[in-house]
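# Survey of secondary and tertiary structure
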Amino acid sequence: MVRDMWMRLIVPPLLLNSKTLVGFVETVIRCFLLFRYLCKHSFPIGRSKAARWLTRISMNLTFKTFLLAGTLACCFTSFIGNCHCLAQQGPDILNSGSFERFNKASNGWAGVDEMRFLRTFEARATVVTGEGVTSKEAVPCTPCVADLNGDGLLDLVVADARGLTWYFPNSGTKTEPRFTSAEIVPLMLSNGWAQCLGMEAVQFDEGAAFSLAYGDWLGQIFYVPNLGSKAEPRFMQPPSPTDYLVRTTYKGNLWGNYFFPTLYDWDQDGRKDLIVGEGTYSANSIWLFLNQGSNLQPVLNEKEGKRIPLVRGLGREHLTPVVVDWNQDGKPDIVTGEREGGISVYINESALPGEYKFREPFNVRIGNQDKLGKLSRFRFGDLNGDGLPDLVVGRSNGRIGLSINHGKRGVPVYDDLRDITGTNPFTPYAQCADVSLGAPVRSTFHLLRVVSNIKEEPLTFEEGFEPPPGSPGKHAVKLEFCDPKAKYFPNLIPLVEDGTEGGTKVFSIVPKNRCNIMTGKTYTISFWAKGYGFRKTRWAFHGSEGIVVGKDEDGLNVTESVHYRAERDFSLGADWVNVRGSFRLDRKGGQKGERAISCILEILCDERGTLYLDDLTVKEGDSPF
């Protein structure tokens, strides 16, 4: 009977409620009442001196005295319990979840780097070299010069190699341009992490608002109409990128790659034609597609022989053509960049309509340079108001260079290239040294930073922030989306799930240390989290091993990869929540014995929101509390 009363009265609150004040008081009261009952009914007077002594104590014992004794007893019980839990768990095998290490970093979403230079994002893409082998090359951004907001000053519109379009408004004068920071145009029509965009800002009618034309690494051409006005440009992401796709073949099939578009009314019929440089290995040319439709609805395909080889590459590859009257003879010439970084000029010698005749190309020096850097991309614009076309160059590191024309009409002479500077409106932030952030390719303005409540540490201090209760450190990481501070383009690019590289809505916080997880053993992940906005949050481990599945005809082992994954959802709230979960990886494919699986841990968040994360640990053993 006594054992039964102990199990019903004492054990439940002791196990379930002892971590709360109410549970602690309830436990002490139950112990007090049970002790009084036992002393009264289990030790009758006269049986022994000890029994009579316990009975007298129980009758005279005050609750205050018992509360003090109970407190000491519960502390002892808690100490024993914690020792037991520690004995069941091994050391932290992650060793990078305290988030106390960080570095000062510049917020790149303003298009200005830590050295105050205008800078877009970088990307590398696979190209075929002159030796016929593939190589990962840094692809320069593509700058355009256009008065996008109609204030009479030439602005910069830049498409970077990753796929983003940046707008740098000119806040200076016609003779002294000044570019402060960028806004991001809410457009992304291609896919992948290296879209290698070529772009031109184009007016289809004199005095009209500027629209945008893009070419990408897949060999696609897109035309994006300006849905706003000359003073208030507006570009919208279409429901499907194919809504803005311009076919360059009658049947719509793709025939080349690394397209670089320029629009110019070559045959002087009032309709903008398409000129395309391409990067298809070994047969690069510059092609002319005569517009068979209208400026609002262009038809630019090869039907009826309308795809014309305007300029042959003559060994030059990855051509990036621009139309300009180089020698001021009234005829449009072709100036192009190429894979090795040179600038080549093709002087137009055509005399009759429908004739496409050019002089042998010659190279141009920019200051003391013969080349701009591999895969050169550039545009012309009179940025200092002297009537001569200056040269604006996209760099492979994302910066934008400017070379002033100090020559005269018909005889350009270009000064040394200098990178354009700006002003970053965003303050620097603390970048965590132990975790990285994986974001969808279309996501913008996301930031993973270290925060604290340390006022003497302005790089991390956040007003109102407090670490989790009992945290051994003073810092946490925060995934957030900073304010774009945009005047012209406040909208974000919509996220999509399309199955392509980077085509996802999921953000992942990934510790840089991998975990060696032994198969057949139980592990516990623990962390503190709070936040809001995300549609779904979860943690996941994933890894793989190679196993032998047979022999080939030469008797060599044939292997295949076996993948492992453990995943659990967790919820967020306004207050810190301690998230704990146990998991075990069991070997697959009929394999036996223990095996260490090198696993990546991810904290996954679907769509956009805010998340705080701290004290992330992974230990061997099962600890439910």
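Being a predicted model, the structure only gives us computed values, none of them experimental.

A few words on the overall build of the protein chain. Check the secondary structure of the protein chain and you find five helices and 35 strands. Counting every position in the protein chain, which comprises 625 residues, the buried fraction comes to 48%. In the protein chain, once contacts between residues fewer than 6 apart in sequence are set aside, the share between residues at least 24 apart is 62%. By element, 53% of the accessible surface of the protein chain is carried by carbon and sulfur atoms, the whole surface being about 30000 Å².

The strands making up a sheet are joined through hydrogen bonds of the backbone, oriented either antiparallel or parallel. Sheet architecture is open: four strands sit in the order 12-13-14-15, paired in antiparallel fashion. Unpaired on one side and paired on the other, strand 12 (260–264) and strand 15 (307–312) mark the two borders of the sheet. Neighbour-to-neighbour, the strand axes of this sheet turn through a mean angle of 25 degrees, independent of strand direction.

Further remarks concern the sheet that holds strand 9 (residues 211–215). Taken in spatial order, the four strands make up an open sheet running 8-9-10-11, and their pairing is antiparallel. Across the chains shown, the open sheet's two edge strands, defined by having one partner strand only, are strand 8 (198–202) and strand 11 (245–246). Bridge count between strand 10 (residues 221–224) and strand 11: two bridges; the pairing is antiparallel. Residue F222 lies in a different strand from strand 11, and its bridge partner there is L245.

Tallied over the entire structure, the rule returns 25 aromatic pairs. Taking the centre distance of 6.3 Å and the plane angle of 70 degrees together, the rings of W326 and F380 count as edge-to-face. Here W326 is found in the loop between strand 16 (320–324) and strand 17 (333–337), whereas its partner F380 is found in strand 20 (residues 377–381), with 54 residues between them in sequence. The burial state of W326 is the same as that of F380; both residues are buried. Relative to W576, the ring of F465 lies with its centre 6.3 Å away and its plane at 75 degrees, an arrangement referred to as edge-to-face.

Quick look at the confidence of the model for the protein chain now. The predicted model of the protein chain has a mean per-residue pLDDT of 87, with 84% of residues at 70 or higher. The low-confidence segment residues 42–47, where pLDDT is below 50, has twelve contacts with residues more than four positions distant or belonging to other chains.

What follows concerns the side chain of D434. Note that D434 resides in the loop between strand 24 (429–432) and strand 25 (435–438). The exposure class assigned to D434 is buried, which follows from its relative accessible area of 7%. There is a polar contact of 2.5 Å between the side chain of D434 and the side chain of R101. Discounting residues that sit within four places of it in the chain, D434 has contacts with S96, R101, V510, P511 and K512.

Right, let's get into the environment of L437. Assignment of secondary structure puts L437 in strand 25. Taking the relative accessible area as the measure of exposure, L437 reaches 26% and is therefore partly exposed. For L437 and F507, which are 70 residues apart along the polypeptide, the C-alpha to C-alpha distance reads 7.2 Å. Not counting residues up to four positions away in its chain, the partners in contact with L437 are H446, L448, L479, F507, S508 and I509.

We now examine the environment of L156. Within the secondary structure layout, L156 lies in strand 5 (residues 155–159). Accessibility expressed as a relative area gives 0% for L156, which makes it buried. Counting along the chain gives ten residues from L156 to A146, while the straight-line C-alpha distance between them is 6.4 Å. Excluding residues within four positions of it along the chain, L156 makes contact with L118, C144, V145, W166, Y167, F168, F179, V392, I400 and I420.

Attention shifts here to the nonpolar core. Note that soluble globular proteins tend to have their nonpolar side chains buried in a common cluster. Counting residues in hydrophobic clusters, the biggest one holds 39 residues, and the most contacted among them are F527, W539 and F541. Looking at this core, the element that brings in the most residues is strand 34 (residues 596–606), giving five residues. In this structure, F541 is in contact with C515, I525, Y564, R565, A566, F583, C599, I600, L601 and V618, ignoring residues within four places of it in sequence.

Turning to unusual backbone geometry, a few remarks are in order. The backbone phi angle of L375 is positive, close to 60 degrees, even though this residue is not glycine. Considering the arrangement of structural elements, one finds L375 in the loop between strand 19 (362–363) and strand 20. Given the relative accessible area of 6%, L375 is considered buried. Unlike most non-glycine residues, E607 shows phi in positive territory, near 70 degrees. Residue position: E607 is located in the loop between strand 34 and strand 35 (610–620). E607 gets classed as partly exposed once you look at its relative accessible area, which sits at 28%.

Quick notes on the rules
Starting from 1, residues in each chain are numbered consecutively following that chain's sequence as written. Totals for whole chains, interfaces and linings use all residues, but because this is a predicted model, local features are given only for residues with pLDDT of at least 70 and pairs of side-chain atoms are given and counted only at 80 or more. Hydrogens are left out, water is left out, and the side-chain values use all remaining heavy atoms of the structure. Each helix corresponds to a stretch of at least 4 residues labelled H or I by DSSP, and each strand to a stretch of at least 2 residues labelled E; elements are numbered beginning at the N terminus. Only protein chains enter the accessibility calculation, which uses a 1.4 Å probe; a residue whose area is less than 20% of its type maximum is buried, one above 50% is exposed, and one in between is partly exposed. A contact between two residues is defined here by any heavy atoms of the two lying within 4.5 Å. Residue burial considers only the protein chains on display, and all accessible areas are found by Shrake-Rupley using a 1.4 Å probe. Here, strands pair whenever DSSP counts at least two bridges between them. Axis definition: a line fit to C-alpha positions, over the contact stretch in the case of helices; interaxial angles, taken between N-to-C directions, run 0 to 180 degrees. Planes of paired rings set the category: under 30 degrees apart is stacked, over 60 is edge-to-face and the rest tilted, where pairs are Phe, Tyr or Trp rings (Trp by its six-membered ring) whose centres lie within 6.5 Å. pLDDT expresses, on a scale from 0 to 100, how confident the predictor is about each individual residue. Residues adjacent in sequence count toward polar contacts only when both atoms are side-chain atoms; beyond that, a polar contact is any pair of N or O atoms within 3.5 Å, and within protein one must be able to donate a hydrogen and the other to accept it. The criterion is simple. A nonpolar core is a set of buried Ala, Val, Leu, Ile, Met, Phe, Trp, Tyr and Cys residues joined through side-chain atoms within 4.5 Å.

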